[in-house]
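Examining the three-dimensional arrangement
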Amino acid sequence: QVQLVEAGGGLVQAGGSLRLSCAASGIAISSRAMAWFRRAPGQERKFVSAISRDGEITNYTNSVKGRFTISKDSAKNTVYLQMNGLNPDDAADYYCAAGRTGYRTALDESAYVYWGQGTQVTVSS
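Note that residues are indexed from 1 along each chain, following the sequence as it is written. The predicted nature of this model means local features are confined to residues of pLDDT at least 70 and side-chain atom pairs, given and counted, to a pLDDT of 80 or more, with totals for whole chains, interfaces and linings taken over all residues. Hydrogens and water are ignored here; the side-chain numbers use all heavy atoms of the structure.

Points about the sheet that holds strand β3 (residues 18–25)
Backbone-to-backbone hydrogen bonds join strands into a sheet, with any given pair of strands oriented parallel or antiparallel. What counts, and what does not: What makes two strands pair is DSSP finding at least two bridges between them. Under the scheme used here, helices are H or I runs from DSSP no shorter than 4 residues and strands are E runs no shorter than 2 residues, and both carry numbers assigned from the N terminus. Here an axis means a line fitted to C-alpha atoms, over the contact stretch when the element is a helix, while the angle between two N-to-C directions is reported on a 0 to 180 degree scale.
Ordered by their spatial adjacency, 4 strands build an open sheet running β1-β3-β8-β7, and the pairing between neighbours is antiparallel. Taken across any chain shown, the strands that pair with only one partner, and hence form the sheet edges, are β1 (3–7) and β7 (68–73). Direction aside, neighbouring strands of the sheet carry axes that sit 15° apart on average. The pairing of β3 with strand β8 (residues 78–83) spans 6 bridges and is classified as antiparallel.

Set out below in structure tokens:
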């Protein structure tokens, strides 16, 4: 059984930082593209960041470039999203996702087959 368990969300003031983690079980993240998506209230789920299965390629949506960093620790089977300079527009439920086999990396939601339950990020202004 595959599980992705996110942690690290919470309430932070604008300008602050959080580090999200996604612990995987049942799959090896070293063989999967991994990504973070987010859904703000009343909006669709959107791509935030992805890291290729070999860890060599990272992608970010434009609004988080320079502020967020995705990384992974294959030994811990865990993916991270370091979020700095948070602003109210970053407030959302953040979801970790694992890609389908065969994808080195992907930005589209359809490429991801396993999803975590989400962790909430709230940013006060």
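Some details on the state of the cysteines
Spelled out, the test is: Pairs of cysteine sulfur atoms within 2.5 Å are identified as disulfides in what follows. Exposed residues in this analysis have more than 50% of their type's maximum accessible area, buried residues have under 20%, and partly exposed residues fall in between, with area computed by a 1.4 Å probe over protein chains only.
Within the structure shown, the criterion is met by 1 disulfide. Across the disulfide from C22 sits C96; the S-S distance is 2.0 Å. Its torsion about the S-S bond being -75°, the disulfide of C22 and C96 is classed as left-handed. With C22 in strand β3 and C96 in strand β9 (residues 92–99), this residue pair connects regions lying 74 residues apart in the sequence. Take C96: its relative accessible area is 0%, and that puts it in the buried class.

Observations concerning the packing of aromatic side chains
Describing an aromatic ring pair means giving the distance of the ring centres and the angle of the ring planes. Heads up, the rule is: By convention, a stacked pair of Phe, Tyr or Trp rings (six-membered ring in the case of Trp) has centres within 6.5 Å and planes under 30 degrees apart, an edge-to-face pair has planes over 60 apart, and any other such pair is tilted.
Under the counting rule described, the total for this entry stands at 3 aromatic pairs. Seen in terms of ring centroids, F37 and W115 are 5.0 Å apart; in terms of plane orientation they differ by 55°. Their pairing is tilted. Placement of F37 in strand β4 (residues 34–39) and of W115 in strand β10 (residues 112–115) is noted, with a sequence separation of 78 residues between them. By relative accessible area, W115 is classed as partly exposed at 25%.

Some details on the nonpolar core
Selection criterion: Side-chain atoms within 4.5 Å link the members of a nonpolar core, which is a set of buried Ala, Val, Leu, Ile, Met, Phe, Trp, Tyr and Cys residues. Whether two residues touch is decided by their heavy atoms; if any such pair falls within 4.5 Å, the residues are in contact.
Grouped together as the largest cluster of nonpolar side chains are 27 residues, with contacts concentrated most on L4, M34, W36, F68, L81, M83 and Y94. Mapped onto this core, the elements with two or more residues apiece are β3, β4, β5 (46–51), β7, β8, β9 and β11 (119–124). Those residues in contact with M83 that sit more than four places away from it in its chain are G16, S17, L18, L20, R67, F68, Y94 and V121. One finds A33, A35, F47 and Y112 within the second-largest nonpolar core, a separate group that totals 9 residues.

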